[in-house]
Every structure is written in C-alpha cells, then in structure tokens.
Amino acid sequence: MSEASTSTLEVSGLSKIFVMSEDGIAGGIREASFSLKPGTFFTLLGPSGCGKTTTLRCIAGLERPDRGTIRLGDQVLFDGASGVTVPLNRRNIGMVFQSYAIWPHMTVFENVAFPLRVSKDRKYSKAETTGMVDDALRRVGLDGFQTRSSTRLSGGQQQRVALARAIVRQPKLLLLDEPLSNLDATLRDEMRTELKRLQQQVGITTIYVTHDQTEALEMSDLVAVIDKGNVVQMGPPREIYGRPKSAFVAGFVGATNLVRGKVTRPLNGKGLGAVVLEGGEEIACAFQEMLPAGEDIAVSIRPESMDLQPLGAPARDGFNRLKGTVTLSGFLGNMIRYNVKVGGRTFQINMEPETAFEIGSDVFLEFPGSAALGVPWGISGSQKAAVAHT
Ligand SMILES: Nc1ncnc2c1ncn2[C@@H]1O[C@H](COP(=O)(O)OP(=O)(O)OP(=O)(O)O)[C@@H](O)[C@H]1O
Ligand SMILES: [Mg+2]
C-alpha cells in the first residue's frame, strides 16, 4: 500500500444525538470537528458511553449523522446540508469493531477475502484476490495461515485476521473500535506495539477508539478526549497529559492529585499565579488561561512531579512546600508510591525506589509552582458556547 492511497479526513460539526424516550437522556456526539493529515494516528478517548463508537459509526456510514460534514480526500462522504450520503459499501474504509467477529465457518483466507468478494466498487479477479489476501496476511504476520480454520486460532491470531480483513482492500482510512479489549493484558501490550508498527508501515490514516489512557498516549499522534458527547480537548499526547484544560481531562488522562482551590493572585510575568487550597495553604500555581482572583478552580499535580523531603531540609527556590504525614508506601519495582496526608487530604507521590520514608513520619511534600496546574472544574465558557446549540 503506497502512501498516496491514504487521504486527509475532515470532519466538521458532526452531530448524532439519540434521545431515549423512556428516561429522556440524550447520548451520542455533539459538534465534533477534526482534520487529520494522511497517516495520522488519531484516538478518541473517553469513558464508557461518551460517544466514541457513535462517532466511528457515522464516519463508517453505519449511522446517519443529524448534521455536519465528513470528507475523505476529495470525496464528500456525508453532507447534512446538501443531503449527500455515500453508502457504507462505497466508502472503502477498513474497520475492526469492539467485538471483532470473524466468521468461524470460513478459513482464514475466506475471512480476509470477504470484503473483496462483496465489494460494490469493483470486481477482483481470482489472482488479484489471492495476491491481496496474501499481502494482507503477510503484513499482520499470518503468512502460511491461509487454509487454517478460523476456529483453530488464538485470540491474538483472530485479532490479526480481523485486522488483515480491514486492510485487504487497501482502504483510505482505518477505524479501530477498542480492537484489543478482548485480549488479556500481556497480549494486549504486544498487539498494541504491533498495531502501531503496522500502521506506520502502511502509513494509513487511522482512528482508534479506546477508554484506556495508556493506549491513547502510547499510540497516538493526536488524541481527542470526549466527555458526555463533547470533545473537551484535542491535541498531541504530551499536550493532553501536560496541559489539560479541565479537571476532567487531568483526572482521566493519567493519575493525578486534584485539589480544590481559589485563585488569590492572577498570573505574574513568569506565568505563575497563587491559589489558596481548600486546606488553607497558599501555593504558586500555573494557569492555562487568565483566571480572576476569587475563581474556584481545581489544581492538578501529577504524582511524579512531587517529592518528599525530611523535616529540616532547606527550602528550595521555586518549590511549594506542604507539611504532611506518610500514611502508605508501596514498592512497585521501578518506583515507590507514597500516600501523604496533608490536613484532611491524601496526596499520591511517586518517587525513586531508593527512597525510604517510614509510614507515620512527618515530611515536607514539595513541588515546583510550574507543576501545579490550575484548571477549571468543568469545560470552559468558550468550549460550552461551541457545543451549546444542540
Ligand atoms: N442506537 C442507539 N439508540 C439509542 N441510544 C444509543 C444508540 N447508540 C448509542 N446510544 C447511546 O449513545 C451514547 C454513546 O454511545 P457509544 O456507543 O457511542 O459510547 P462509547 O463511547 O462507544 O462507549 P463504550 O466505551 O462503552 O463502547 C450512550 O449513552 C448510548 O446508550
Ligand atoms: Mg463503544
């Protein structure tokens, strides 16, 4: 598959809302917009029921959006305003779904050849079919499995067959809906690396759906975090992790300590302001945006950005210092995870495995002001405005 076969995907204002008549609760996706350059690995990340599968199904053509546009390369797949809808079997999009159903009564070869046999775009000759199936199987590491019955495959092998079937027509776009969720932890890890390798090798634009933040961070070029049908933040993994725009994103993407606080001093020239935490301690804090004094916010501090010092250690310039008591320590091999109680709150701190702070000992918990991120609790006013008219 050449790089030229993959295309830019542009999704704009995509909405699909389901209203449950019994309870009146609306699920789905609201006003999703993104533009993916060819070869991008894009991940939709969010909790169960937030609208990830709905978004994929709209792009695949399995669901008719309420409005918006979907464009793949120079082809308009859907345009709510003009009524254009390209049917599913004319979109040439490869898909692997949550339950990756491969057909047990077919051989591996027949499973992978299926999309070629039912293709409405064009007919494939016997020789072409064999060549394309062999190529797809080779790419997923299943060369030689052609005549194997699909019932005699491990979970990981079935997963590869599903993937080979998704790429056999050399699609312009690959949609993967939690394709690894049926596998055990070790296999999932292995397949994650393989999937990424395959995607890079083929260079195909891919949308990956997961509620696993590790998967999202490790695999993606770009991540969209979704909460209750709204894309609340979109950016590269480093940005999503390092500069979350809300308490929800900070808490969902990676472990963090979230503490309530109130702004006491807005930003200074160094990009730091001050916040009084709910326990009364004042700390230096970095804000993503200008927040006025008196604003209620959340402060997010990652466990790896904090460390512990014995009482009596000299104060360090630029570091916040809270006094607390060690309540728990857990050795994890590559680090020690401490719990430290400060007032009524417990902080989690990850430190080098060589450290040894006894349970019950009083310590200083220290972190630079730049590592304490002040974020709004919910989505910000401007984000709300963008999604309010649904
Ligand atoms: N056909 C439908 N009719 C009514 N409601 C639906 C339909 N499909 C999805 N929903 C609702 O829309 C919301 C989003 O569903 P969706 O399947 O997109 O979630 P998801 O993010 O993929 O979740 P999960 O991680 O559990 O797969 C849910 O509240 C779901 O109940
Ligand atoms: Mg889903």
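Everything that follows concerns the structure shown earlier in this document.
*Asks:* Would you take a moment to explain the sheet that holds strand β14 (residues 282–287) for this structure?
*Replies:* Sheets are built from strands that pair by backbone hydrogen bonding, the pairs being arranged parallel or antiparallel. Strand order in the closed barrel formed by 5 strands is β12-β13-β14-β21-β15, with mixed pairing between adjacent strands. Taking the axes of each pair of neighbouring strands and ignoring which way they run, one obtains an average angle of 55° across the sheet. Sheet analysis places strand β13 (residues 272–277) next to β14, joined by 5 bridges and oriented antiparallel. Residue pairing for β14: Gly273 is matched across the bridge by Cys285.

*Asks:* When you look at the packing of aromatic side chains in this model, what are you seeing that I'm missing?
*Replies:* Each pair of aromatic rings is reported with the distance of its centres and the angle of its planes. On inspection of all chains with the given rule, the structure shows 5 aromatic pairs. Both rings, one in Phe34 and one in Phe42, keep their centres 4.7 Å apart while their planes meet at 45°; by these two values the pair is tilted. By the burial criterion, Phe34 is buried, and Phe42 matches it. Between Tyr338 and Phe357 the ring centres are 5.9 Å apart and the planes differ by 80°, which places this aromatic pair in the edge-to-face class. One end of the pair, Tyr338, is in strand β18 (residues 336–342); the other, Phe357, is in the loop between β19 (345–351) and β20 (362–368), with 19 residues separating them in the sequence. The exposure class of Tyr338 is buried, given its relative accessible area of 1%.

*Asks:* Sorry if this is basic, but what is going on with the sheet that holds β18 here?
*Replies:* The 5 strands lie next to each other as β16-β20-β17-β18-β19, forming an open sheet whose pairing is antiparallel. Unpaired on one side and paired on the other, β16 (307–310) and β19 mark the two borders of the sheet. Across the sheet, the axes of successive neighbouring strands diverge by a mean angle of 45°, strand direction being ignored. Sheet analysis places strand β17 (residues 319–331) next to β18, joined by 6 bridges and oriented antiparallel. Bridge pairing in β18 links Val326 to Val340.

*Asks:* Could you clarify how one ought to interpret the packing of helix α2 (residues 108–118) against helix α4 (residues 155–167) in this entry?
*Replies:* A pair of packed helices is captured by two measures, namely the crossing angle of their axes and the spacing between those axes. Remark: α2 packs on α4, axes separated minimally by 7 Å, with the N-to-C direction vectors making an angle of 30°. Judged by the inter-axis angle, α2 sits roughly parallel to α4. Relative to α4, α2 is oriented so that their crossing is right-handed. Seen from α2, the contacting residues are Val108, Asn111, Val112 and Pro115; seen from α4, they are Val161, Ala164 and Arg165.

*Asks:* Got a minute to help me understand the site of ligand 1 in this structure?
*Replies:* The environment of ligand 1 is made up of 14 residues, and the closest members are Ser48, Gly49, Lys52, Thr53 and Thr54. Within the backbone of Gly49, one N or O atom sits 2.7 Å away from an oxygen atom of ligand 1. Expressed as a share of its isolated accessible area of 640 Å², the protein-covered part of ligand 1 is 65%. Elements supplying a minimum of two residues to the shell around ligand 1: β2 (26–36) and α1 (52–60). With 3 residues, α1 is the largest single contributor of residues to the shell around ligand 1.

How each quantity is defined
All chains use their own residue numbering, which begins from 1 and follows the written sequence. Each chain takes a letter, starting from A, and each ligand takes a number, starting from 1, following the order in which they are written. Residue-level local features of this predicted model are given only where pLDDT is at least 70; pairs of side-chain atoms are given and counted only at 80 or more, and the full residue set underlies all totals for whole chains, interfaces and linings. With hydrogens and water stripped out, all remaining heavy atoms of the structure feed into the side-chain values. Here, any two strands with at least 2 DSSP bridges between them count as paired. The way it works is that DSSP assigns letters per residue, a run of H or I at least four long becomes a helix, a run of E at least two long becomes a strand, and they are numbered from the N terminus. A fitted line through C-alpha atoms serves as each axis, taken over the contacting stretch for helices, and the angle formed by two N-to-C directions is quoted from 0 to 180°. Only centres within 6.5 Å qualify two rings of Phe, Tyr or Trp (six-membered ring in Trp) as a pair; their planes then separate them into stacked at under 30 degrees, edge-to-face at over 60, and tilted for everything else. Between buried and exposed lies partly exposed: a residue is buried under 20% and exposed over 50% of the maximum accessible area for its type, with that area taken using a 1.4 Å probe on protein chains only. Orientation labels follow simple angle bins: below 35 degrees gives roughly parallel, above 145 gives roughly antiparallel, 65 to 115 gives roughly perpendicular, and whatever is left gives oblique. Crossings are assigned a handedness: left-handed for a near helix turned anticlockwise from the far helix by less than a right angle, right-handed for a clockwise turn. Should any heavy atoms of two residues lie within 4.5 Å, those residues are counted as being in contact. Here a residue is near a molecule or strand as soon as one of its heavy atoms is found within 4 Å of it. Polar contact is the term for a pair of N or O atoms within 3.5 Å; when the atoms are in protein, one must be able to donate a hydrogen and the other to accept it, and sequence-neighboring residues count only if both atoms are side-chain atoms. Residue exposure ignores everything except the shown protein chains as possible cover, and the areas themselves are Shrake-Rupley values with a 1.4 Å probe.

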